[in-house]
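# Structure assessment
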Amino acid sequence: MSTQAKTVPTIAIGINGGNIVPNLTNSVLSKYKEGITLRQLLEGSGVIKLTADGKDIVSVNEVALDSRLHWGILLNGDALTSEKRMDMIIKEDDILEIVVKESTIRAKVKAK
């Protein structure tokens, strides 16, 4: 009989505050299972809080951003921007990263 403990598969979620919030940069593990969605993975991390509708990130490690910034999600290096991104099925070898991004609100500049 084997005494080896069964390991629960996990996936690392990189948290990258960049130059904007450098003390937030780290990595967290979330439980992984076949067919898990991005929403389920983020909620299972224990440190990433989503909006009530589950479409966006509200805070990471209790850190909320002001209106000039937002949480971006990178999957294998590509930004996820679609409305359906939280319903994507995550694969065990996917590389997931949460990044702080500047919001792209363009101010109107008056021409002289």
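Refer to the preceding data block for the structure.
Residue numbers restart at each chain and count upward from 1, following the sequence in its written direction. In keeping with the model being predicted, local features are shown solely for residues with a pLDDT of at least 70 and side-chain atom pairs are shown and tallied solely at 80 or more, while totals for entire chains, interfaces and linings include all residues. Derived side-chain values reflect all non-hydrogen atoms in the structure, with water molecules and hydrogen atoms excluded from consideration.

## So, the overall build of the protein chain
Under the DSSP-based scheme used, a helix requires at least four consecutive residues in state H or I and a strand at least two consecutive residues in state E, with every element numbered from the N terminus. If you tally the helices and strands in the protein chain, you get one helix and eight strands. Counting from the amino terminus, the protein chain carries its helices and strands in the arrangement β-β-α-β-β-β-β-β-β. Categorising residues by exposure relies on relative accessible area from a 1.4 Å probe, with only protein chains included: less than 20% of the type maximum marks a residue as buried, more than 50% marks it as exposed, and the intermediate range marks it as partly exposed. Burial statistics for the protein chain: of 112 residues in total, 34% are counted as buried. In the protein chain, once contacts between residues fewer than 6 apart in sequence are set aside, the share between residues at least 24 apart is 53%. By definition in these notes, contact holds between two residues if any of their heavy atoms fall within 4.5 Å.

## Side note on the sheet that holds strand β3 (residues 48–50)
When DSSP locates at least two bridges between a pair of strands, those strands are taken to pair. Read across the open sheet, the three strands follow the order β3-β4-β5; overall the sheet is antiparallel. One side of each edge strand has no neighbouring strand; the edge strands of this open sheet are β3 and β5 (63–64).

## Structural notes on the nonpolar core
By size, the foremost hydrophobic cluster in this structure holds 26 residues, and its most contacted members are I13, L42, I48, I57, I73 and I98. Secondary structure elements with two or more residues in this core: β1 (10–16), α1 (38–44), β3, β4 (57–60), β6 (69–75) and β8 (96–102). Beyond its immediate sequence surroundings of up to four residues, I13 is in contact with N26, S27, V28, S30, L41, L42, S45, I48, L96 and I98. To define a nonpolar core, start from buried Ala, Val, Leu, Ile, Met, Phe, Trp, Tyr and Cys residues and group those joined through side-chain atoms within 4.5 Å.

## Structural notes on the sheet that holds strand β7 (residues 78–79)
Taken in spatial order, the five strands make up an open sheet running β2-β1-β8-β6-β7, and their pairing is mixed. A single partner strand is all that each edge strand has here, and the edge strands are β2 (26–31) and β7. In this structure, β1 lies alongside β8, joined through four bridges in parallel fashion. Residue N16 lies in a different strand from β8, and its bridge partner there is V99.

## Observations concerning unusual backbone geometry
In this structure, E62 takes a positive phi of about 70° despite not being glycine. Considering the arrangement of structural elements, one finds E62 in the loop between β4 and β5. A positive phi angle, close to 55°, is found at N76, a residue other than glycine. The residue N76 is located in the loop between β6 and β7 in this model. N76 gets classed as partly exposed once you look at its relative accessible area, which sits at 41%.

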